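Listed here are the chains, written in short residue letters.
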Amino acid sequence: MLRDEWGRMLITAWNRAGWMAAPARVGARIGRLVGAAPGTITMGDTLSVKIFQALAAGLALRPGRRVVLSDSGNFPTDLYMAQGLLRMLRQGHELRIVPPEAVAGALSDEVAALLLTHVDYRTGRMHDMAGLTRAARDAGAVAIWDLAHSAGAVPVDLAGSGAEFAAGCTYKYLNGGPGAPAFIYVRPDLADTIEPALAGWLGHAAPFAFEPDYRPAPGVERMRVGTPPVLQMAVLDAALDVWDGVAMADIRARSVALSERFVAGVAAACPALTLASPPDPVARGSQVSFRHENGYAIIQALIARGVIGDFRAPDILRFGIAPLYVGTAEIDRAIDALAEVMARAAWDRPEFHARAAVT
Ligand SMILES: *Cc1c(COP(=O)(O)O)cnc(C)c1O
């Protein structure tokens, strides 16, 4: 791609190598993994931007309502983007944040949009997407789902759920690499009517007519903004090859088996670690988290042993179980490494306590 397309075709590759059509083509590949039909997903920007676009479009669909409902397990950028948008709108909207288990009960005729992350980034707790989307519809609210920890991790039936909007990043379970473009889904019956808040030229009906006034492109393509990240999209496109022929139901079965093995192994070998994830795999995504007050240093000690997990403040040790390429031998190795680090307090060394900028 770098040599032949970028190197030799130069700008002709926008047509000859299909760069301009890549967001729709790659979006359809992701759609297969999240239950969305071709033509309902486009790619670009980052997830934060896509959340902003989805929420702006969602609020415009419910002009008489003033509440955005979310939960305290949501990822901060989703809440920040909502806060920034509501401040900019100056229409008296309120962001209402309730505990995850209180979401269904907090839906009311005040709620314009339900903005939730499907799988909690810290604990892996998974919302009932179909049930909450139905409850939102019954309350007259639009449903917007963040699928950052769902795409490629758990089966998702976007079309079947009836959700109005969804968005996700592609650098977690989909392996698009840091900075890979995000995806956004718009329910097809709405896609021709929503008015994009970020009216960029590549979401225009005729970008190369260079008209002075914005006219939205048909369908979800209007959620494109500017020039797509062509190099990152090529990386993502290649990363998606490993999903060809893979059924999400098989991924889920393997994910549950590996997660259960990890939970049981750690419980037996590391009594000082408390399970932070739901013990019932039905209520959990494809990650397992534990709590410990020295979680940061423990993760650093594990990384030094070749087992790479995340620390999430204040005390969460998070392990992503990616069943497409993680097997039982690696799960067992991770358990052994964790057991050794805990039994000998091997984490308690100055170099493991030094906080880096990215945890
Ligand atoms: C990772 C993640 C993001 C990140 O957003 P970017 O704009 O891609 O940096 C947003 N939301 C959730 C739930 C995430 O887990």
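Right above here is the structure, for reference.
Being a predicted model, the structure only gives us computed values, none of them experimental.

The rules behind each value
- Residues numbered from 1 in each chain as written.
- Predicted model: local features only at pLDDT ≥ 70, side-chain atom pairs only at ≥ 80, totals over all residues.
- Heavy atoms only, no water.
- Near = heavy atom within 4 Å.
- Polar contact = N/O pair within 3.5 Å; in protein donor to acceptor, adjacent residues only side chain to side chain.
- Areas by Shrake-Rupley, 256 points an atom, 1.4 Å probe, with all protein chains shown as cover.
- Helix = DSSP H or I, 4+ residues; strand = E, 2+ residues; numbered from the N terminus.
- Nonpolar A, V, L, I, M, F, W, Y, C, P; charged D, E, K, R; others polar.
- Pairing = 2+ DSSP bridges.
- Contact = heavy atoms within 4.5 Å.
- Axes fitted to C-alpha atoms, helices over the stretch in contact; angles between N-to-C directions.
- Salt bridge = Lys/Arg side-chain N within 4 Å of Asp/Glu carboxyl O.
- Buried < 20%, exposed > 50% of the residue type's maximum accessible area, 1.4 Å probe, protein only.
- Patch = residues over 30% accessible without salt bridge, like charges linked within 9 Å, V, L, I, M, F, W, Y side chains within 5 Å.
- Expected span 1.5 Å × (residues − 1).
- Phe/Tyr/Trp six-rings, centres within 6.5 Å; stacked < 30°, edge-to-face > 60°.
- Lys NZ or Arg CZ within 6 Å of the ring centre and 35° of its normal.

J.: Help me understand the site of the ligand, please; the structure alone is not making it clear to me.
T.: In the region of the ligand, the neighbouring residues are Thr 46, Leu 47, Ser 48, Phe 75, Thr 77, Asp 78, Thr 117, Asp 146, Ala 148, His 149, Tyr 171 and Lys 172. A distance of 2.7 Å separates an oxygen atom of the ligand from a polar atom in the side chain of Tyr 171. Here the ligand, which alone exposes 390 Å², has 86% of that area covered by the protein. Of all elements in the fold, only helix H4 (47-61) and helix H5 (76-89) reach the threshold of two or more residues within the shell around the ligand. Looking at the shell around the ligand, its residues break down into four nonpolar, five polar and three charged.

J.: Sorry, what's going on with the sheet that holds strand S9 (residues 287-291) here?
T.: With antiparallel pairing, the four strands of this open sheet are ordered in space as S8-S9-S11-S10. Either end of the sheet is taken by a strand with one partner, and the two such strands are strand S8 (274-275) and strand S10 (310-312). Bridging between S9 and strand S11 (residues 316-320) involves five bridges; their strand directions are antiparallel. Paired with Val 288 across the two strands is Phe 319, which belongs to S11. Sheet contacts for helix H11 (residues 295-304): S10 and S11; angle to S11, the most-contacted strand, approximately 35°.

J.: Before we go on, may I ask you to explain the pattern of salt bridges in this structure?
T.: Close approach of charged atoms lets side chains of opposite charge pair. Taken as a whole, this structure holds 23 salt bridges when the rule is applied. Between Asp 237 and Arg 29 there is a salt bridge, with the nearest N and O atoms lying 2.6 Å from each other. Highlighted residues: Asp 237 in helix H9 (residues 230-239) and Arg 29 in helix H3 (residues 22-34), separated in sequence by 208 residues. For Arg 29, a relative accessible area of 22% gives the class partly exposed. For the salt bridge of Arg 284 with Glu 260, the shortest nitrogen-to-oxygen distance reads 2.9 Å. Here Glu 260 lies in helix H10 (residues 248-269) and Arg 284 lies in the loop between S8 and S9, a separation of 24 residues in the sequence. By relative accessible area, Glu 260 is classed as partly exposed at 34%. Overlapping salt bridges, with partners in common, bring together Arg 25, Arg 29, Asp 237, Asp 241 and Asp 244 in one network.

J.: Where do I start with a nonpolar patch on the surface in this structure?
T.: On the surface, a nonpolar cluster with roughly 390 Å² of combined accessible area is contributed by Met 1, Leu 2, Trp 6 and Leu 231. Within the element layout of this structure, Leu 2 appears in helix H1 (residues 2-9). You can call Leu 2 exposed: its relative accessible area is 52%.

J.: Quick question: what am I supposed to make of the side chain of Ser 277 here?
T.: Mapped onto the secondary structure, Ser 277 falls in the loop between S8 and S9. In terms of polar contacts, Ser 277 uses its side chain to reach the backbone amide nitrogen of Ser 289, at 2.8 Å. Ignoring any residue separated from it by four or fewer positions in sequence, one finds Ser 277 in contact with Thr 123, Arg 284, Gln 287, Val 288 and Ser 289.

J.: I keep staring at H3 and nothing clicks. Help me out?
T.: Because the α-helix completes a turn every 3.6 residues, residues three or four places apart line up on one side. Helix length check: H3, at 13 residues, gives a terminal C-alpha distance of 18 Å against a target of 18 Å (1.5 Å per residue), a fit within 8%. For H3, the set of buried residues is Ala 22, Pro 23, Val 26, Gly 27, Ile 30, Gly 31, Leu 33 and Val 34. As for H3, its buried residues are in contact with strand S1 (41-43), helix H8 (158-161), strand S7 (183-186), H9 and H10. One or two residues past the end of H3 sits Gly 35, with phi positive at roughly 75°.

J.: Got a minute to help me understand unusual backbone geometry in this structure?
T.: Leaving glycine out, the prevailing phi sign among residues is negative, and the prevailing peptide bond configuration is trans. For the peptide bond that leads from Ala 313 to Pro 314, omega is 5°, which places it in the cis range. Its location among the elements puts Pro 314 in the loop between S10 and S11. The backbone phi angle of Asn 175 is positive, close to 60°, even though this residue is not glycine. Inspection of the secondary structure assignment puts Asn 175 in the loop between strand S6 (165-168) and S7. Overall, the relative accessible area of 30% leaves Asn 175 in the partly exposed class.

J.: What is the right way to read the packing of aromatic side chains from this model?
T.: Two descriptors summarise a pair of aromatic rings, namely the distance from one centre to the other and the angle between the planes of the rings. The final tally for this structure, using the stated rule, is nine aromatic pairs. The interplanar angle of 70° and the centroid separation of 5.9 Å between the aromatic rings of Phe 262 and Phe 290 together place this pair among those described as edge-to-face. With a gap of 28 residues between them, Phe 262 in helix H10 and Phe 290 in strand S9 connect regions that are remote in the sequence. Taken as a pair, Phe 262 and Phe 290 share a single burial class, namely buried. Residues Phe 262 and Phe 319 carry aromatic rings whose centres are separated by 5.0 Å and whose planes lie at 65° to one another, so their mutual orientation is edge-to-face. Here Phe 262 is found in helix H10, whereas its partner Phe 319 is found in strand S11, with 57 residues between them in sequence. In this structure Phe 319 comes out as buried when scored by relative accessible area, which is 6%. Taken together, the aromatic side chains of Trp 201, Phe 208 and Phe 210 make up a single cluster linked through ring pairs. In this structure, Lys 172 packs its charged tip against the face of Phe 75, placed 5.6 Å from the ring centre. Just above the ring of Tyr 296 sits the side chain of Arg 355; from NZ or CZ to the centre is 4.5 Å.

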